Amino acid sequence: MKKIIILLCLTFSLFSASATDTMEAKKLFEHSTQKLSLQNIRLVLDLETFDGKGNCKTKELTVSYAQFDDERKVLIELLAPENVMGTKIVTTDYPDKKGIIEIYMPATGRVQKIRANQRNLKIIGTEIPIEQFKSAIDKDFEFTFLEKTDLNDTHCQKIKIQSPEEKGYRIAFVSIDKEQLMSIEQYDIKGKLVGVTEFSNYIEVANSNAKFFPQMILVKNLKSGKSSDLKVRQVNHLSQVNSDDFILTPTQS
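Our subject in this report is the structure included herewith. (Residues numbered from 1 in each chain as written. Predicted model: local features only at pLDDT ≥ 70, side-chain atom pairs only at ≥ 80, totals over all residues. Heavy atoms only, no water.)

## Brief notes about the nonpolar core
Proteins that are soluble and globular tend to have nonpolar side chains buried together.
So, point 1. Counting residues in each nonpolar core, the largest one holds 44 residues, and the members touching the most others are Leu43, Leu61, Val63, Tyr65, Ile159, Leu181 and Phe213.
So, point 2. A per-element tally of this core places strand β9 (residues 169–175) first, with 5 residues.
So, point 3. Apart from the residues lying within four places of it in its own chain, the contact partners of Leu181 are Phe29, Ser32, Thr33, Ala172, Phe173, Val174, Phe199 and Tyr202.
So, point 4. Formed by 7 residues, the second largest nonpolar core is a distinct cluster that contains Ala66, Val90, Phe246 and Leu248. (Core = buried A, V, L, I, M, F, W, Y, C linked by side-chain atoms within 4.5 Å. Buried < 20%, exposed > 50% of the residue type's maximum accessible area, 1.4 Å probe, protein only. Helix = DSSP H or I, 4+ residues; strand = E, 2+ residues; numbered from the N terminus. Contact = heavy atoms within 4.5 Å.)

## Describing the environment of Asn152
So, point 1. As for its position among the elements, Asn152 is in the loop between β7 (142–151) and β8 (154–162).
So, point 2. Once the C-alpha coordinates of Asn152 and Met182 are considered, the two residues, 30 residues apart in sequence, prove to be 9.2 Å apart.

## Remarks on the environment of Ala66
So, point 1. Along the chain, Ala66 turns up in strand β2 (residues 56–68).
So, point 2. Each C-alpha atom of the pair Ala66 and Asn40 lies 4.5 Å from the other, and the pair is 26 residues apart in sequence.
So, point 3. Contacts of Ala66, omitting those with residues within four sequence positions, involve Asn40, Glu71, Arg72, Lys73, Val241 and Phe246.

## Examining the pairing of strand β12 (residues 212–221)
So, point 1. Note: strand β11 (residues 193–204) against β12, 9 bridges, orientation antiparallel. For Glu198, the partnering residue across the bridge sits in β12 and is Leu218.
So, point 2. When β12 meets strand β13 (residues 227–237), the two strands line up antiparallel, connected through 5 bridges. Residue pairing in the sheet places Leu218 in a bridge with Asp229 of β13. (Pairing = 2+ DSSP bridges.)

## Quick notes on unusual backbone geometry
So, point 1. Note the cis peptide between Ala80 and Pro81, where omega equals 5 degrees.
So, point 2. Mapped onto the elements, Pro81 comes out in the loop between β3 (71–80) and β4 (88–93).
So, point 3. One non-glycine residue with positive phi stands out, namely Asp153, at about 65 degrees.
So, point 4. Structurally, Asp153 can be placed in the loop between β7 and β8.
So, point 5. What makes Asp153 exposed here is its relative accessible area of 83%.
So, point 6. Phi is positive for Glu179, close to 55 degrees, though the residue is something other than glycine.

## Observations regarding the pattern of salt bridges
So, point 1. As enumerated under the stated definition, the model contains 4 salt bridges in all.
So, point 2. For Asp46, the salt bridge identified is with Arg233, shortest N-O distance 2.9 Å. Taken together, the positions of Asp46 in strand β1 (residues 41–50) and Arg233 in strand β13 put the pair 187 residues apart, joining distant regions of the chain.
So, point 3. Since its relative accessible area comes to 25%, Asp46 is described here as partly exposed.
So, point 4. Here Arg233 falls in the partly exposed class, since its relative accessible area comes to 48%.
So, point 5. What you see here is one network of salt bridges that share partners, running through Asp46, Glu60 and Arg233. (Salt bridge = Lys/Arg side-chain N within 4 Å of Asp/Glu carboxyl O.)

## Notes on the packing of aromatic side chains
Ring pairs (aromatic) are described by centroid distance and by the angle formed between their planes.
So, point 1. Following the criterion strictly, the structure yields 4 aromatic pairs and no others.
So, point 2. Ring geometry for Phe29 versus Phe143: centroids 5.7 Å apart, planes at 40 degrees, classification tilted. Of this pair, Phe29 sits in helix α1 (residues 2–34) while Phe143 sits in strand β7, and the two are 114 residues apart along the sequence. Of the two residues, Phe29 and Phe143, neither departs from the other in class, the shared state being buried.
So, point 3. A ring pair is formed by Tyr169 and Tyr187, whose centres lie 5.0 Å apart and whose planes are at 5 degrees; its orientation type is stacked. Within this pair, whereas Tyr169 is found in strand β9, its partner Tyr187 is found in strand β10 (residues 181–187), the two being separated by 18 residues in sequence. The two residues Tyr169 and Tyr187 agree in class, both being buried.
So, point 4. The side chain of Lys160 reaches across the aromatic face of Tyr169, ending 4.5 Å from its centre. (Phe/Tyr/Trp six-rings, centres within 6.5 Å; stacked < 30°, edge-to-face > 60°. Lys NZ or Arg CZ within 6 Å of the ring centre and 35° of its normal.)

Here is the structure:
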């Protein structure tokens, strides 16, 4: 009987320690994303996209973030080149239901709506997934501490992130000194590395209550050999936001 009690105590202790580590891992990752300025700001970006042969295409775009009550909205607008100029994408995240992605294309004059859980959707002609610009983390995600390591001369804590809806998983690298998100690696169901997103050159956003944003975002698709390089040219805090600015209106019936 005493052995059973000891075994139960050990099992409970291990479970409690595991649960604590899970909560701490989630807390650290969320803290690293909360330090990012993902609310009431507007970014002006240069985007270079490389195919598997090294050929390069460039785009200019703006990304605006806003919060309206419980709704989080992101507006992406392509400014150049001419063949995609005027294309707009709005993502809306809700606290209690699946999000929506809306796409307006000048060529059709119509607005297309799709569910936000289509994770393979990319910004037109790039390797940048739409979810890269969304601030929400699903409450069902599981977080696990891995070992500490150095990444680009920065000491980081590795955190495994997995969703029950996905077959693969991700590993986030969070700097230990500043608790900034430095990289996210994506793995398939077999544990093979298939994608990498790197964040660097963090700058503080003026008038944003100590929020930061990386000036450089590099996304690599290791399966296709394609990659995209985002360079932030300008970051502006929006003192006032209007919900009408995040509504896409068709120009043709």
